[in-house]
Amino acid sequence: MSDILEVKNLNVSYGGIKAVKDISFSVAQGQVVTLIGANGAGKSSTLRAIVNLVKPESGNIVLNGAEIAGLPTDQIVARGITLVPEGRRVFSDLTVLENLKIGAYMRKDSLDEDVKWVYDLFPRLKERSWQLAGTLSGGEQQMLAIGRALMSKPQLIMMDEPSLGLAPIVVKGVFDIIREINKQGVTILLIEQNANMALKAADLGYVMETGRITMTGTGAELLEDEAVRAAYLGKAKEK
């Protein structure tokens, strides 16, 4: 399985504060990979640096064998990466369909097939196609944010805290969709405070602490790790 994304010795700073400290990791084609860690661990800064919403201080970001660090964000999106931001950030005064079309702003081909694909994944969005996005529930807005990102036809979709602020039953639905998107061939890089759900969905996981990657393993391995269970799952393994 070849790597679609390689991050090598990435450093990100805000003023004099180093948020990401010389981290390296990779995402293989077809995988679900998760970064877990506490608030302030550097997870969001890592994703934002990959798409150049935050300028990396140093390091390499390689997509399909080509360096993308420092490229304009729209060029990075055109090469096949998209980001579902924390907090959803839908365009409140536009309809569901208009939001989806904005996700495809780089494309020149017909959008009909992909709109249908998104509506098949999220029937609720089809029902609300002409509804203003700002009137949707939090869960529906998260569906829209994911659907909008899919409209660029990405090879790799990155999601920043997709379960944030959602009811448990809605969170389960979001993770079901993450698995379905992955089954349909989209590689996923996920950051999540709900470590239990993230690791259950992930092929591979990385633990971040204070800007560094401190542990790597399969999702199943990290779920069983005593330190991970104590720090992020709220329970030690039963003896």
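Preceding block: the structure.
Described in the following lines is the structure provided in the data block. Values in this document were obtained by computation on a predicted structure and should not be read as measured data.

Before going further, it helps to examine the overall build of the protein. Of the regular secondary structure elements, the protein holds 10 helices and 10 strands. Taken over the C-alpha trace, the protein has a radius of gyration of 18 Å; the compact-globule value for 239 residues is 18 Å, and the two agree within 12%. Seen through its principal axes, the protein has C-alpha atoms that stretch 50 × 45 × 35 Å. Counting over 239 residues, the protein shows a buried share of 51%. Sequence separation of at least 24 residues holds for 65% of the intrachain contacts in the protein that already meet a minimum separation of 6. Accessible surface, the protein as shown: approximately 11100 Å² in total, 50% of it carbon and sulfur. Here the protein carries 27 positive and 28 negative side-chain charges, and the mean point of each set is 2 Å from the other.

Helix H7 (residues 168–183) packs onto helix H6 (residues 138–150) with a crossing angle of 15° between their chain directions and a minimal axis gap of 10 Å. For the element pair H6 / H7, the angle class is roughly parallel. The two elements H6 and H7 cross, and the hand of that crossing is right-handed. Contact with H6, carried on its side by Gly139, Gln142, Ile146 and Leu150, involves Val170, Val174 and Ile181 of H7 and no other residues of that element. A class-by-class count of the residues in the contact of H6 with H7 yields 5 nonpolar, 2 polar and no charged.

One ladder, built from 8 bridges, connects strand S1 (residues 3–14) with strand S2 (residues 17–28); its direction is antiparallel. Across the sheet, the residue bridging to Glu6 is Ser26, located in S2. Hairpin connection, S1 to S2: the antiparallel pair is bridged by 2 residues, and Gly15 has positive phi, about 65°.

Thresholds, definitions, all that
Residues numbered from 1 in each chain as written. Predicted model: local features only at pLDDT ≥ 70, side-chain atom pairs only at ≥ 80, totals over all residues. Heavy atoms only, no water. Helix = DSSP H or I, 4+ residues; strand = E, 2+ residues; numbered from the N terminus. Rg over C-alpha atoms; globule rule 2.2 N^0.38 Å. Buried < 20%, exposed > 50% of the residue type's maximum accessible area, 1.4 Å probe, protein only. Contact = heavy atoms within 4.5 Å. Areas by Shrake-Rupley, 256 points an atom, 1.4 Å probe, with all protein chains shown as cover. Lys, Arg positive; Asp, Glu negative; His and termini not counted. Charge placed at Lys NZ, Arg CZ, Asp CG, Glu CD. Axes fitted to C-alpha atoms, helices over the stretch in contact; angles between N-to-C directions. Parallel < 35°, antiparallel > 145°, perpendicular 65-115°, else oblique. Left-handed = near helix turned anticlockwise from the far one by under 90°. Nonpolar A, V, L, I, M, F, W, Y, C, P; charged D, E, K, R; others polar. Pairing = 2+ DSSP bridges.

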